[in-house]
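Structural features, examined
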Amino acid sequence: MNGHERKRFATAAVLSCVAVAMLGLSLWSPTLYRLFCQATGFEGTLRTTNVPPPSGTTATEVLVRFDANVNSALPWRFHPLQREVRLRLGEEALIHYTAVNLSDKPITGMATFNVVPEKAAPYFSKLECFCFTEQTLLPGQEVSMPVVFYVDPGLAEDPTTRDVGTITLSYTFYRSENQPTPTASAAPPSSSTAGAGG
Amino acid sequence: MPMRDMIRRLLFSMPMVCAAVVALGIAGAAAQEGNVGEARPWQMGFQDAFSPVMQEIHQFHALLLVIITTIVVLVLALLGFIIVRFNAKRNPVPSKTSHNTLLEVVWTIVPVIVLVVIAIPSLKLLYHSGRTPQADLTLKVTGHQWYWTYNYPDQGDFSFDSIPIPEGDLKPGQPRLLAVDNPVVVPVGATVQVLVNSDDVIHSWAVPSLGLKKDATPGRTNETWFRADVPGVFYGMCSELCGVNHYFMPIEVHALPKAEFDAWVEKAKEQFATNSHSPVRLAANGSQDAAR
Amino acid sequence: MAHGAAVAHGEHEHHPTGWKRWVYSTNHKDIGTMYIVLSMIAALVGGLMSWAIRLELAEPGIQFIHDTHFYNVLVTAHGFIMVFFVVMPAMIGGFGNWFVPLMIGAPDMAFPRMNNISFWLTAAGFILLMLSAVVGEGPGTGWTVYPPLSSIAFHPGPSVDFGILALHVAGAGSILGAINFIVTIFNMRAPGMTMHRMPLFVWSILVTAFLLLLALPVLAGALTMLLTDRNFGTHFYEVAGGGDPLLWQHLFWFFGHPEVYIIILPAFGIISQIVSTFAKKPVFGYLGMAYAMVSIGVVGFVVWAHHMFMTGIGVNARAYFTVATLIIAVPTGIKIFSWLATMWGGSIEFKAPMLYAMGFIWLFVMGGVTGVVLANGGIDTAFHDTYYVVAHFHYVMAIAAIFAMFGAWYYWIGKMTGRQYPEGLARVQFWVFFIGVNVLFFPQHFLGLAGMPRRIPDYPDVYAGWNFVSSIGAAITMAGTLLFYYVVFHTLASGRKAASNPWGEGATTLEWTVPSPAPFHTHEEMPVIAGGGHGHSHGHGMPRPAE
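Nothing here was measured: the structure is a model prediction, and the numbers come from that model. (Residues numbered from 1 in each chain as written. Chains lettered and ligands numbered in written order. Predicted model: local features only at pLDDT ≥ 70, side-chain atom pairs only at ≥ 80, totals over all residues. Heavy atoms only, no water.)

The next subject is the overall build of chain C. Assigned secondary structure in chain C consists of 15 helices and two strands. The C-alpha radius of gyration of chain C comes to 23 Å, within 12% of the 24 Å expected for a compact globule of 547 residues. Along the first, second and third principal axes, the C-alpha set of chain C runs to 70 × 50 × 45 Å. Expressed as a percentage of the 547 residues in chain C, the buried residues total 72%. Considering only contacts within chain C whose residues lie at least 6 apart along the sequence, 81% involve residues at least 24 apart. When the accessible surface of chain C is split by element, carbon and sulfur atoms take 71% of a total near 15,200 Å². Averaging the locations of the 21 positively and 24 negatively charged side chains of chain C gives two centres separated by 12 Å. (Helix = DSSP H or I, 4+ residues; strand = E, 2+ residues; numbered from the N terminus. Rg over C-alpha atoms; globule rule 2.2 N^0.38 Å. Buried < 20%, exposed > 50% of the residue type's maximum accessible area, 1.4 Å probe, protein only. Contact = heavy atoms within 4.5 Å. Areas by Shrake-Rupley, 256 points an atom, 1.4 Å probe, with all protein chains shown as cover. Lys, Arg positive; Asp, Glu negative; His and termini not counted. Charge placed at Lys NZ, Arg CZ, Asp CG, Glu CD.)

Laid out in structure tokens, this is it:
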């Protein structure tokens, strides 16, 4: 190999590495995006955490309101059992939504969610929620779905979120693309309280 | 498109447009008793402001208008001077100057200062309109192809659809493409938290005279707020392309004194009782079902 | 076909003849000519669409487009055609191909065959886009193609897929073209033609090529995801499957904002050449001009979400995007003032290209200051999706780019065809067009302030007045455009012979050293660029050949 050829080989090698790296990065990007959103609360993504709330609660209170939507393609009724709770920062709260299948067929739904104002999202931590988990309801079945969350005391310390007095948690239920087959629907959720995931 | 046709068309339509404009002017003057959030014929500026945010937008735009007009006039004056003074006849021998460090520094620094002057009130306005005030009332807005659904979660959770009125059914005083059958009603002076959502494609809920605009995105609730300072009727139009009838998806907001609002709520609760929990629509309108 | 209408050269050199010369062409000048012809055909189609839109909007009420979906298709196609098949082919493919090698003293582009495939991919993209309007019901999504409106549920036919493929193909052509320009400019400059001596047009194409290279793959990725969402059941943008429609908007505008600089940067380069030539002065503040373009390109990548102020992005993000967007006003201000300073003290001849350059400066300032207004996230509540935005981007980007293209055409047509345009007729054409576009777009500021939304075929009656004026402006603009096509015809049919340098002492770049029309092969012997006066020569960007 003369110098010229070596140079060419090096160029090819570098470019191949770049190509492989790009491919790897693109395969890894969904995970990265999720991590990024969870870490920063970008796009109103809630933080899901296993860490219990910090032991001390502060005196500052915040009003958390609950909102529910159902896409028109899904014949369910879905609403929060309580409109709002007022709680201290750092205090853990348990609330319930309820969903009823109004049709005569088993149907699977899936919920998306976000919090507004968006800037408060990084401080809204949920310990238990039904988001992005498929739920199958039998005809007429009603389930109660719990959400356990707390609002981080950091909310009151961050100068950009200090003014936040109300946080709204909003869910929208969609008809899932994976609908139960007749056999699958024979195995409905046994409990009336559906899953805690996401 | 043959040019002659177009010109002829435009010329023929001139008298009609003038007549329409005059008629509208008269109608507008007649309707002046109440506050109407709507543009006027030949309007050159913003619609009148009826909310604190829109008032701030007015003030900020007044500042911006002075700045941008000054810049345009300055550049125009320089261009004019160049045309008069530095044309080939008047100035046959061109200079060879191609540098002036001081000048270059000045025209970099001065725009930066102007931008700082703009940015400070701009961010103030942004944070004011973007803050979360203590709401007296929550209004849920859901966009559909091609109408809006309103829901009052705190007043008994009743909902109703706000369907645009076709041209043939308009009553006198109802503006074309802006009037709806069931306008959304709010109390005067109340801070209203608006939660905007969509059931199908992206829409945008906008009322210019209240300084309101927020995209209605499916699967995501957006928040904005307003306060109508005076009783009146405020119009808006869908502001994100949403399909065939995008142009005909108006918003009509009525602001009433508190007592009248309460009376309206009682009436509406009965009228729209069957709609309760209306986010559920049993008769799905199909487009998504059909596609699957 | 494009090659059929191309310009015949008079010289007798050894080169392929007949259709093979054009279809198989690897010659930068022939390919440039084909790009310009493609752009002129596309401009007629896109222009007709805009006239149909303005005709529909001349009066309140539905005039003649009773199928309002078809109106949306017109709006969509007008945007796509003007951006991807008029401005980009003419500025980058057309004038870029023609004059970058000539200006840096290179015999041709670095990859002549790739140059050929770039062009034919662009042409194929145009045909696919035309097909998208006639298969199925046509894409009525706007050029932004926001899902879910563009999803299979709301656009079930194949038309959106055709549109996506059109952009894929044209995008691939542009990426290849960008690589070609970058390699050519970095490696094929003549001896003495250092980076800091390159004419500003070459700088502008270099920065544009980088923007294309970085922005278009993002669009391609976003489009691929949309395509698989539509056809293969993925859920990148489908909420029901856990996707997010806002992801599209972020990706689209991450491409879309650099795209508007891709359109306007070559125009900056063209205007700098013209102003310097007709003022008979070197460009004022050459280095500042070059690096202003570089910084516009860099900052252009970090401001995309100012198109998304109303989508519910957080208030802190809006504050950042407001400030970042305002910063762009600084380098653009440097450009405006430097052009004025170049003219200052000059001995200016107001020939047609110079008229267009000065018209460009006026339009760009008008559109630029409304851009400063729109940059503010707080006030954008009142402006987003109104006619104010339509007026803004037509002034600052669309019509400004067209002015630069007209200016470039008049400036270089003698070099390209060997025939000079008729000066008197060209000046009339400028004034008709200039008055037309201002009457057309200035009243749209008022409509936007008063709250009239964009992309609507019918509007409340209160907006009738200014809409009517705007449509009159469209008629005048149409007259100016047709007059331009007549000037083209007149020049080719009976234009007088052009000298190798028709502009005199002000025209100092290398393309004026070769005969007119430029021979099939130029710079076969490398020109050597003399340093000129030391310490100050680098600032000119106007090399002189050593011979």
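One finds Phe84, Phe95, Met343, Met354, Phe360, Phe403 and Trp412 of chain C to be the most contacted residues of the largest nonpolar core, which totals 224 residues. Looking at this core, the element that brings in the most residues is helix H3 (residues 68–104) of chain C, giving 23 residues. Two domains each donate at least three residues to this core, and these are domain 1 (3–30 + 45–89 + 99–130) and domain 2 (137–291) of chain B. If near-sequence neighbours (up to four positions away) are discounted, Phe84 of chain C is found in contact with Pro89, Trp143, Leu167, Leu219, Phe255 and Glu259 of chain C. Counting 39 residues, the second largest nonpolar core, distinct from the first, contains Leu139, Trp148, Tyr152 and Ala268 of chain B. (Core = buried A, V, L, I, M, F, W, Y, C linked by side-chain atoms within 4.5 Å. Domains from an automatic or database assignment.)

Looking now at the state of the cysteines. Residue and element names in this part refer to chain B. For the structure shown, the criterion picks out zero disulfides over all chains. There is no disulfide at Cys242, and the cysteine sulfur nearest it, in Cys238, is 3.9 Å away. With a relative accessible area of 0%, Cys242 lands in the buried category. (Disulfide = S-S within 2.5 Å.)

Bringing the interface of chain B and chain A into the picture now. How big an interface is tends to be stated in terms of accessible area lost as the parts join. Across the contact, 30 residues belong to chain B and 32 residues belong to chain A. Of the roughly 2,500 Å² buried between chain B and chain A on both sides combined, carbon and sulfur atoms contribute 42%. Where chain B packs against chain A, one counts 16 residue pairs in polar contact (both at pLDDT 80 or more). Listing elements by their share of the side of chain B that touches chain A, those giving two or more residues are strand S2 (137–144), strand S6 (191–198), strand S9 (222–227) and helix H5 (287–291) of chain B. Counting residues per element, the side of chain B that touches chain A draws most heavily on S6 of chain B, which supplies four residues. Class assignment of the residues belonging to the side of chain B that touches chain A gives a composition of seven nonpolar, 13 polar and ten charged. (Buried area = accessible area lost by both parts, 1.4 Å probe. Polar contact = N/O pair within 3.5 Å; in protein donor to acceptor, adjacent residues only side chain to side chain. Nonpolar A, V, L, I, M, F, W, Y, C, P; charged D, E, K, R; others polar.)

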